[in-house]
Amino acid sequence: MGTYIIRRVIAMILMLVALSIIVFLLFQGLPGNPAALTCGKSCTPQVIKQNEIRLGYDKPLYEQYAMFAKGVVAGRTYGSGTATFECPAPCLGYSFFRGENVTDLIKSALPITAVESVGALILWLVTGVTVGVIAALRRGKWQDRVATGGALIGYSFPTFFIGLVLLYFVIFKFKIMAYPAYTPFADDPVAWLKSFILPWITLALVFAAFYSRLTRNQMLDTLGEDYIRTARAKGLSERRVIGKHALRSGLTPIVTAAGIDLATLLGGVVITEQVFGLPGLGRLVLGSVLESDLPLMTGTVLLAATFIIAANLIVDLLYAVIDPRVRLG
Amino acid sequence: MSPYLEVEDLRVGFSTEDGLVQAVDGVNFSVDKGRTLAVVGESGSGKSVSSAAIMGLHNRKQATITGSIRLDGEELVTASDRRLRELRGKRMAMIFQDPLSSLHPFYRIGNQLVEAIRVHRDVSRSDARARVIDMLRKVGIPNAERRVDEFPHQLSGGMRQRVMIAMALINDPELIIADEPTTALDVTVQAQILELLGSLQEEFGTAIILITHDLGVVAETADDVAVMYAGRVVERGSVRDIFYRPQMPYTWGLLSSLPRLTDDRTARLAPIPGQPPSLINLPGGCVFQPRCEYWRNVPDDRCKTERPALDEVAEGHSIRCFLTDEQRQRFGEARVERQLQRSSAPLAGVTVVEEDA
């Protein structure tokens, strides 16, 4: 198990290096001169040239990548002489457009996205699994049909539509709450919590639809297993048969799905954050694209990739914990 | 005194989109403590459905069960779910066909057995665990104190079936239903498992219903045999009645289809022609009539229009057939004659020991 984890972590690092090279090359091919973004309207060819040198864009690509990689591991210093500024490790680059280190930008946005994603995850797991189990136990009955219909609706509508519908009814039509402006937790915890309610519901609706179907089908498969019959033959109550024997094996694939989905969301909940004005990673990603902010794009993409790769490892390890038949190595 | 388990006119039907499937349609048998009843028949003859009905394992919303199942005089067909749950695993237990899929893959075998005890008895975990290790030892599992903490996939097929047997025996049940307990096992392991069941039966005086399609197993272990076809018992008698004095054309067919050790190896097996009928909308006559080569010997197409009842032809030996005694005698002898032409050896894997009756 120990060697397995070490091997997987090494593989993960190699994968990230390869990925960073690809992302780096890819984004260099994009139109737009990043140095030109630093000065905006006051740009003159001389200023641009100066900035190119200051930020290292005059160097060949491989050297640029080497500097980037060194920055991630050990931090780097931009510029020379008196006009220098520090970018401490892990330095993912410097956003000219925002005039801030990418790492700092991510640091302030990530907690918001994390609260948003984890809250939604809990919400959709509870509702999705509950609905799925009920649908499986009442297969073909009205409860199952309602669950199927509800899931279909959840499936079919894109996030932005559900988000906008929620906005319209909750805030504009019935005025249940004011349009939430993001408030930092330290300023006003209640307002902070309020700004997450609608994003949580939006995400949870979309994902719960999928998870209720997954749970239902898993449960139906499991309830047909021989060992469920054995559990009944022992004289166990139906509650114990389902709550212990069926759920344990029925929920295994749900752990996998939840891990990967959470990682995807942590990488940036672009649409939901945009709709509800949450200054999380998703907004940052979208902004970087709209602003052609190359260093920010590179940083956020690499971060999202790291989450996915790490989640895969964690899910594999979890699987071995849940299912004793899985041997890692 | 009435037998420990008595099944009378048991019917189990499942309503499906294609119509009512009458999987079990009038089954009668009984078994006493210390005795083994073998229920034999092809796939779909209703063996497993009957045994699940005895255990109360059918979902009552999906299955319609009528007739009577009496366990030690107590009626089970009309018993509450709660009462059935109390009896299941305690007074009657079941051993399933495939021990790998019948054990929960995520729980240690010890915990699965401890659970089986604690659902019926108010004992501490450690007491239950001690009993589990004891029982595992009794069913011949070496290093039981270590094995108890293993998962099913870490055991061999034979060991897993021993675990299933231990689970069935853990609460000293008076009735064990073994549903094809050796079908998924190697032939060598089969013999060990059957021997184990036999010796445990001797020790505890358990009544055993052995469901199988393997006549070799029947001959080795059973006291009585019920031959099932299309959801009903077509012949019932002692193991010697069935093997030496079979009276019903279907049983004749079953016995003739067994290969013999001295058969010419290129010779084909002698199967019963045709297929078992669909259990939806069965014809009104004898269920075996379409595959029976003798029905024309019964006057007035009676086999096609009337269902034969399960009638006693000798002490403890009953059949469903319209053939007369004289006809059965004649056809039976002709069958033996035919068989002898193929070989003179005993049935492969079947040894029936003649005892002094």
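Keep in mind it's a predicted model, so treat the numbers as computed, not measured.

**Student:** Help me get a handle on the environment of Val218 of chain B, residues and values and all.
**Tutor:** Residue and element names in this part refer to chain B. Relative to the helices and strands, Val218 is located in helix 9 (residues 215-221). Val218 gets classed as buried once you look at its relative accessible area, which sits at 1%. C-alpha of Val218 to C-alpha of Asp18: the two residues are 200 residues apart in sequence and 35 Å apart in space. Apart from residues lying up to four places away in sequence, Val218 is in contact with Ala38, Val40, Thr212, Val225, Val239 and Phe243.

**Student:** Break down the confidence of the model for chain B for me, citing the residues and quoting the values.
**Tutor:** Looking at chain B, pLDDT values average 87 and 92% of them are 70 or higher. If you check the scores for this complex, the pTM reads 0.81 and the ipTM reads 0.85.

**Student:** So what about the packing of aromatic side chains? Which residues, and what values?
**Tutor:** One pass over the full model with this rule turns up 18 aromatic pairs over all chains. Relative to Tyr211 of chain A, the ring of Trp124 of chain A has its centre 5.6 Å away and its plane inclined at 40°; by these criteria the two rings are tilted. In this pair, Trp124 of chain A sits in helix 4 (residues 102-137) while Tyr211 of chain A sits in helix 7 (residues 189-223), placing the two residues 87 residues apart along the sequence. One aromatic cluster is present, built from ring pairs that chain together Tyr182, Phe185, Trp192, Phe196 and Trp200 of chain A. In this structure, Lys244 of chain A packs its charged tip against the face of Tyr107 of chain B, placed 4.9 Å from the ring centre.

**Student:** Pulling in residues and values, what's your account of the domain arrangement of chain A?
**Tutor:** Residue and element names in this part refer to chain A. As assigned here, chain A comprises domain 1 (32-91) and domain 2 (106-328). Its C-alpha centre places domain 1 at a distance of 39 Å from the equivalent point of domain 2. Listed per partner, the contact involves four residues of domain 1 and six residues of domain 2. Both sides of the domain 1 and domain 2 interface together cover about 300 Å² of buried area, and 79% of this is carbon and sulfur. There are zero salt bridges connecting domain 1 and domain 2. Of the residues contributing to the side of domain 1 that touches domain 2, the split by class is four nonpolar, no polar and no charged.

About the criteria used
- Residues numbered from 1 in each chain as written.
- Chains lettered and ligands numbered in written order.
- Predicted model: local features only at pLDDT ≥ 70, side-chain atom pairs only at ≥ 80, totals over all residues.
- Heavy atoms only, no water.
- Helix = DSSP H or I, 4+ residues; strand = E, 2+ residues; numbered from the N terminus.
- Buried < 20%, exposed > 50% of the residue type's maximum accessible area, 1.4 Å probe, protein only.
- Contact = heavy atoms within 4.5 Å.
- pLDDT = per-residue confidence, 0-100.
- Phe/Tyr/Trp six-rings, centres within 6.5 Å; stacked < 30°, edge-to-face > 60°.
- Lys NZ or Arg CZ within 6 Å of the ring centre and 35° of its normal.
- Domains from an automatic or database assignment.
- Buried area = accessible area lost by both parts, 1.4 Å probe.
- Salt bridge = Lys/Arg side-chain N within 4 Å of Asp/Glu carboxyl O.
- Nonpolar A, V, L, I, M, F, W, Y, C, P; charged D, E, K, R; others polar.

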